[in-house]
Structures are given as structure tokens and as C-alpha cells.
Amino acid sequence: MTKGFIATFVAVLGIAGLGALLSGCGDEARTLESIKAKNELIIGVFGDKPPFGYINEQGQNVGFDVYVAKRLGRELLGGDEGVNFVLVEAANRAEFLRSNKVDIMMANYTKTPERAQQVDFATPYMKVALGVVSQEGKIINVSQLAGKVLIVNKGTTADFYFTKNHPEIKLLKFEQNTETFAALKDGRGDALAHDNTLLFAWAKENPSYAVGIKKLGEDDVIAPAVKKDNKELLEWINNQMEILAKEGFFTEAYNQTLAPVFGDDIKPSDVVFE
């Protein structure tokens, strides 16, 4: 797991555009009937955010989000065949839904009021908050970041949070996770802000770094998203999420994908909804 986890922090997003070509760019989102008729469900996922969505050493889409996405695909299409993944970046998730490049977005999408005006979120499956990682965990308070450089991903909740609440902090922004973490290790920034669940996993693989600020702002949720007003697909996903929760599937997904990374530090109930 460790070697594969580290290996995924490579520049794999160059193939993202190929997957996007699988979908049309008409004005109307595809209906459940048309998805089933074509036996094709297109799901947006990350390719560089282990352990949630990434490409493993065999070139496969894996991770917690992907595990959940595959189950939704099997429930809709009756099998794995026809479930196609498109790699996305944080800043283009809403646009990929608006332009019908994907049917469902499962790229660790944190629900916010601003985003809910652009897309429709389904029932959440994961809990998350912002955190800050730094060398040896020296940054333990936001006040220490005044006059320093904080690294974030464009279009993420970390970007929005610090832009709105802490204009005194200089932000260094990148599109891809590979770039942000490389910049931190290269010393181009003093700290990096991201989802705390991602940072806990990354710090375990990079022991010279620690999550000094474990939680910022309010607790948030991560949920599947569909194009605005695609009520039929949204209702279907909501029904499936309820069924999967009762089944205990999200704990299963946690144990299969996140437990090997988090170890005993975090319990499934800290992360997933059941």
C-alpha cells in the first residue's frame, strides 16, 4: 500500500482530456433511460488525490471515491462494464457537470452554499474539515501564517476559506495536488491547506511533516453531484445512498481503501456516514 500510495503522486492528469471526449456537450443532461440504453455512465473522479481518487501502479482508478462510484455504476448498469471515469481537477468540477462531460461528479466534492448554486448535491457519504500541514507540524495556529506563503489548490474549500477570511496570508495556488505537495516539499511555501483527511494520509507517508492545524472552520460534507436540475438522476442517487448506508457499505469502503492508510488513528465513524 505504501509504495502504491507514494507512486500515485505522479503527473497522470494528462490523460484527463481523453476521457472527457466520451461525453457529449449538449444542453440537456442525460436521463437515466439514455444512460442505461447506451450502457454508459460517466463519472468524474480525481487522479491525484490518494487515498480518495488516484491512479495505481497498474493504471487503474482506485480510492474511496472510486470504490463508491463503482458500486453506483454496478447498481445502475448491472455490472462494471460501461462505467467510465474522467479525471478532473478541483477547479473544473462544476464546469464538467454543466457541459455534460460527466453524469456524476465523485471527485471528493465538498458541499458548500456557493457550489450548491451551480450543481445539485446528493446525500453525503463523507465528513471532512480543513487542515494545515507543515514541516514538523510547526504551524499550529492560523496567526502564524501572517506574512507567510500558504499553498492551496485552486477552486478548493481551502482556497475559498483563506481568500475570504484571511487576506493577510499570501496564497500560492496550483491546479493539481501533485503540484501543491511538490511545492511544499521544495520549500516554495511555509504550509499547505487542504482537506484534513487527505493531509492525515499524506503526513503518514511523509513523516517529516505533520498536520499542526487539524481542523479549521465548520465541519463539511462530501457528496456526489449532478448537473443542476437533473432531478431524475439526483433522486436515483439519493435512493441508492440510503440503501448503501443501511447495508453498511460505506464502512466497507472505508475498510478497503482508507483504513490501510489511516491505521488506528481514525475510526470509520469519524469519516463516513452510515
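Residues numbered from 1 in each chain as written. Predicted model: local features only at pLDDT ≥ 70, side-chain atom pairs only at ≥ 80, totals over all residues. Heavy atoms only, no water.

Participant: Got a sec to walk through the overall build of the chain? Specific residues and values, please.
Facilitator: Tallying secondary structure elements over the chain gives 13 helices and 13 strands in all. Computed over the C-alpha atoms, the radius of gyration of the chain is 18 Å, within 12% of the 19 Å expected from 2.2 N^0.38 for a compact globule of 274 residues. Its C-alpha atoms give the chain principal-axis dimensions of roughly 55 × 35 × 30 Å. Burial statistics for the chain: of 274 residues in total, 54% are counted as buried. The long-range share in the chain, meaning contacts at least 24 apart out of those at least 6 apart in sequence, stands at 71%. (Helix = DSSP H or I, 4+ residues; strand = E, 2+ residues; numbered from the N terminus. Rg over C-alpha atoms; globule rule 2.2 N^0.38 Å. Buried < 20%, exposed > 50% of the residue type's maximum accessible area, 1.4 Å probe, protein only. Contact = heavy atoms within 4.5 Å.)

Participant: Could you give me a rundown of the pattern of salt bridges, with the residues and numbers involved?
Facilitator: Under the defined criterion, the tally for this structure stands at 15 salt bridges. A salt bridge links R71 to E75; the nearest nitrogen and oxygen atoms lie 2.9 Å apart. On the criterion of helical spacing, the pair formed by R71 and E75 is a turn pair, its members being 4 residues apart in helix 4 (residues 64–77). Note on R71: relative accessible area 13%, which makes it buried. One salt bridge connects D159 with K173, and the closest N-O pair in it is separated by 3.0 Å. Taken together, the positions of D159 in helix 7 (residues 157–165) and K173 in strand 10 (residues 170–174) put the pair 14 residues apart, joining distant regions of the chain. Among the charged side chains, a salt-bridge network with shared partners connects R30, K38, E40 and D103. (Salt bridge = Lys/Arg side-chain N within 4 Å of Asp/Glu carboxyl O.)

Participant: Just give me the short version of the side chain of D159, but keep the residues and values in it.
Facilitator: The exposure class of D159 is buried, given its relative accessible area of 7%. Among the polar contacts made by the side chain of D159, one reaches the main-chain amide nitrogen of G155 at a distance of 3.1 Å. For D159, the residues in contact, after removing those within four places along its chain, are V152, N153, K154, L171 and K173. (Polar contact = N/O pair within 3.5 Å; in protein donor to acceptor, adjacent residues only side chain to side chain.)

Participant: I'd like to hear about helix 9 (residues 196–205), residue by residue, with values.
Facilitator: Of all 10 residues making up helix 9, 8 are buried, and the element is well covered by its neighbours. Those residues of helix 9 lying buried are N196, T197, L198, L199, A201, W202, A203 and E205.

Participant: Report on helix 11 (residues 249–257), specifying residues and quantitative values.
Facilitator: Regarding helix 11, the residues found buried are F249, F250, A253, Y254 and T257. Angular distribution of buried residues about the axis of helix 11 spans 145°; they occupy a single face of the element. Residues of helix 11 that are buried in the fold lie against helix 4, helix 10 (231–247), helix 12 (259–262) and helix 13 (268–271). (Arc of directions from axis to C-beta.)

Any link to function would need more than the numbers given here.
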